[in-house]
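What follows is the residue order along each chain.
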Amino acid sequence: MNRRRTLTALAATSTVLLACTQARAAHGGPGPGPGAEGDRRPLAGLRVLLSNDDSMQMARPNASDGKGLYEVRRALCAAGADVVVMAPWANQSGAGTSATSAGALTVQRRDALPAGYAGDCSGAPGGGAVYGVCKGAAPCGPSTPSATPADTVRLATRGALAAKAGWKDGPDLVVAGSNYGPNVASVVNESGTVGAALAAIDEGVPAVALNSSYDPAVTDSLEVADHTYRRTAEFGAGFIAGLRQRDLLTTEYVVNVNYPHHVPGQRPRGTVWTSVGTQKLVEPRYTAHGDTFTIGGRLCAADSPDCRPESKRRPDFALLQRGYVTVTPVGPDRTHTGPETRPLERFVRGGGH
């Protein structure tokens, strides 16, 4: 089966799971827990470590600091997965693959979950436990520095899940997200969501990154609609079920999924296999105040001389903007192999002088 046909089949699986999830919710709950006799849910028995880069707080007015994570937790548990959340204590957007190399990290369980999400994983063996991870040896507080997304995955797979959840041999899958906004083109390089997923495959665990797109009609701020978070999560759970069924969960690369914004009641135009674009999407700005610089930025204008244009024919961002779900393999190998490296290669092979 070729990649296009595989994606079509996986998208169909996602649609079927969405209908089942909605029907199950209408009858009052997720049904029997994973591993229960007769449980035929598509993710039954799958142990999932869920993380992100937005944090597990969900305390901001627009819920940009974790709503996507709680929607994914709900959808995965409804599909039968046993989910444990270990996520940054505070927002770590843009952290990429950065990790803490010394000191201590504290794993702190959250008892009171955001309204509407408390009972989502009540039937799962681990009860859908949610932990925040901060830096230092003291309890996490309002001003405590947060662990990075990569920290949370490395810590979880190298001891914290065994200590807190009893998973002695680690999770079967790491899911990162869903992110507040898409991770496409140049943004992939700095994404903490993708960074968490890359840390997972580095630790030998398959990983999927899920991302929810902004509403392009809102120009004075960047907002992800509630229904986009939910649709991303439901699609993602179905997509992961398809990957599992076809034995496509791998540690060779991260599966990076971006779900488009659309109005309620509409559906994406389809699911496409694509590549990370070369376009620069965000223009950083630094404003001087003596020796201090305030960090800011804005979305790149199409004609901005400071923003690199797109060089690919069908990149992820362009297809996402057209209303497609984009699926992109993101690997850890950063070796550039294009023909433009040949002059440098000849120079080096000639002795470098």
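Only a predicted model underlies this, so the values are computations on that prediction, with no experimental measurement involved. (Residues numbered from 1 in each chain as written. Predicted model: local features only at pLDDT ≥ 70, side-chain atom pairs only at ≥ 80, totals over all residues. Heavy atoms only, no water.)

### Some thoughts on the overall build of the chain
Logical step 1: Helix and strand counts for the chain come out as 7 helices and 11 strands.
Logical step 2: Burial analysis of the chain (353 residues in total) assigns 49% to the buried set.
Logical step 3: Partitioning the intrachain contacts of the chain with sequence separation of at least 6 by distance along the chain shows that 79% fall at a separation of at least 24.
Logical step 4: For the chain, the exposed area adds up to about 17,100 Å²; of that, 51% sits on carbon and sulfur atoms. (Helix = DSSP H or I, 4+ residues; strand = E, 2+ residues; numbered from the N terminus. Buried < 20%, exposed > 50% of the residue type's maximum accessible area, 1.4 Å probe, protein only. Contact = heavy atoms within 4.5 Å. Areas by Shrake-Rupley, 256 points an atom, 1.4 Å probe, with all protein chains shown as cover.)

### Notes on the nonpolar core
Logical step 1: The biggest cluster of nonpolar side chains holds 42 residues, and the ones touching the most others in it are Leu 76, Val 175 and Val 257.
Logical step 2: The element that contributes the greatest number of residues to this core is helix H5 (residues 226–245), accounting for 7 residues.
Logical step 3: Those residues in contact with Val 175 that sit more than four places away from it in its chain are Val 48, Leu 49, Leu 50, Ser 51, Val 72, Leu 76, Val 208, Leu 210 and Ile 240.
Logical step 4: Counting residues in hydrophobic clusters, the runner-up holds 29 residues, among them Val 153, Ala 160, Leu 198 and Ala 200. (Core = buried A, V, L, I, M, F, W, Y, C linked by side-chain atoms within 4.5 Å.)

### What to know about the packing of helix H2 (residues 67–78) against H5
Logical step 1: Viewed as axis vectors pointing N to C, H2 and H5 meet at an angle of 40°, and their least axial separation amounts to 8 Å. If you check the angle between H2 and H5, you find them oblique. Along this stretch, H2 crosses H5, giving a crossing that reads as right-handed. Here H2 contributes Lys 67, Gly 68, Glu 71, Val 72, Arg 74, Ala 75 and Leu 76 to the contact with H5, which in turn contributes Asp 226, Tyr 229, Arg 230, Ala 233, Glu 234, Ala 237 and Ile 240.
Logical step 2: Residue composition of the contact of H2 with H5, by class: 7 nonpolar, 1 polar and 6 charged. (Axes fitted to C-alpha atoms, helices over the stretch in contact; angles between N-to-C directions. Parallel < 35°, antiparallel > 145°, perpendicular 65-115°, else oblique. Left-handed = near helix turned anticlockwise from the far one by under 90°. Nonpolar A, V, L, I, M, F, W, Y, C, P; charged D, E, K, R; others polar.)

### Some points on a nonpolar patch on the surface
Logical step 1: A surface patch of nonpolar side chains, amounting to about 230 Å² of accessible area, comprises Leu 222, Val 282 and Leu 299.
Logical step 2: Among the structural elements, Leu 299 can be located in strand E10 (residues 292–299). (Patch = residues over 30% accessible without salt bridge, like charges linked within 9 Å, V, L, I, M, F, W, Y side chains within 5 Å. Salt bridge = Lys/Arg side-chain N within 4 Å of Asp/Glu carboxyl O.)

### Quick notes on the pattern of salt bridges
Logical step 1: Tallied over the full model, the rule gives 7 salt bridges.
Logical step 2: Its salt-bridge partner being Asp 120, residue Arg 74 comes within 3.3 Å of it at the nearest N-O pair. In this pair, Arg 74 is assigned in helix H2 and Asp 120 in the loop between strand E3 (105–109) and strand E4 (130–135), connecting sequence segments 46 residues apart.
Logical step 3: By relative accessible area, Asp 120 is classed as buried at 14%.
Logical step 4: Within the structure, one salt-bridge network assembled from shared partners comprises Glu 71, Arg 74, Asp 120 and Arg 230.

### Some details on the confidence of the model for the chain
Logical step 1: Chain-level pLDDT for the chain is 87 on average; 88% of the residues reach the 70-or-more range.
Logical step 2: Residue range residues 19–36 is modelled with pLDDT below 50. Its contacts to residues more than four positions away, or to other chains, number 27 contacts. (pLDDT = per-residue confidence, 0-100.)

### Some remarks on helix H7 (residues 342–349)
Logical step 1: With 0 of 8 residues buried, H7 lies mostly on the surface of the structure.
Logical step 2: Note on H7: the residue one or two positions beyond its end, Gly 351, has a positive phi of about 110°.

### A closer look at the environment of Pro 125
Logical step 1: As for its position among the elements, Pro 125 is in the loop between E3 and E4.
Logical step 2: Judged by its relative accessible area of 60%, Pro 125 falls in the exposed class.
Logical step 3: Residues Pro 125 and Val 84, spaced 41 residues apart in sequence, show a C-alpha to C-alpha distance of 10.0 Å.

### With respect to the packing of aromatic side chains
Logical step 1: Inspection of the entire model under this criterion finds 4 aromatic pairs.
Logical step 2: Clustering of aromatic rings is evident, with ring pairs tying together Phe 235, Phe 239 and Tyr 259. (Phe/Tyr/Trp six-rings, centres within 6.5 Å; stacked < 30°, edge-to-face > 60°.)

### Some thoughts on the pairing of E10
Logical step 1: Bridge count for strand E9 (residues 282–289) against E10 is 8 bridges, and the pairing is antiparallel. Residue pairing in the sheet places Pro 284 in a bridge with Gly 297 of E10.
Logical step 2: Adjacent in sequence and paired antiparallel, E9 and E10 are bridged by 2 residues, among which Gly 290 carries a positive phi angle near 70°. (Pairing = 2+ DSSP bridges.)

### Looking at a positive patch on the surface
Logical step 1: Where like charges cluster on the molecular surface, the positive patch consists of Arg 269, Arg 313, Arg 314 and Arg 322.
Logical step 2: By the element assignment, Arg 269 lies in the loop between strand E7 (254–259) and strand E8 (271–273). (Lys, Arg positive; Asp, Glu negative; His and termini not counted. Charge placed at Lys NZ, Arg CZ, Asp CG, Glu CD.)

### Some remarks on the sheet that holds strand E1 (residues 47–51)
Logical step 1: Judged by pairing direction, the sheet is mixed, and its 9 strands sit side by side in the order E3-E4-E2-E1-E5-E6-E7-E11-E8 without closing on themselves. The open sheet has two edge strands, E3 and E8, and neither has a second partner. Going from strand to strand, the sheet's axes swing by 25° on average, the running direction of each strand aside.
Logical step 2: Two elements, strand E5 (residues 173–180) and strand E6 (residues 207–212), share 5 bridges in a ladder whose sense is parallel. Pairing of Asn 179 across the sheet is with Asn 211, part of E6.
Logical step 3: Contacting E1, strand E2 (82–88), E4, E5 and E6, H2 runs over the sheet at an angle of about 135° to E5.
Logical step 4: Set on the sheet, helix H3 (residues 149–165) makes contact with E1, E2, E3, E4 and E5; between it and E2 the angle comes to about 135°.

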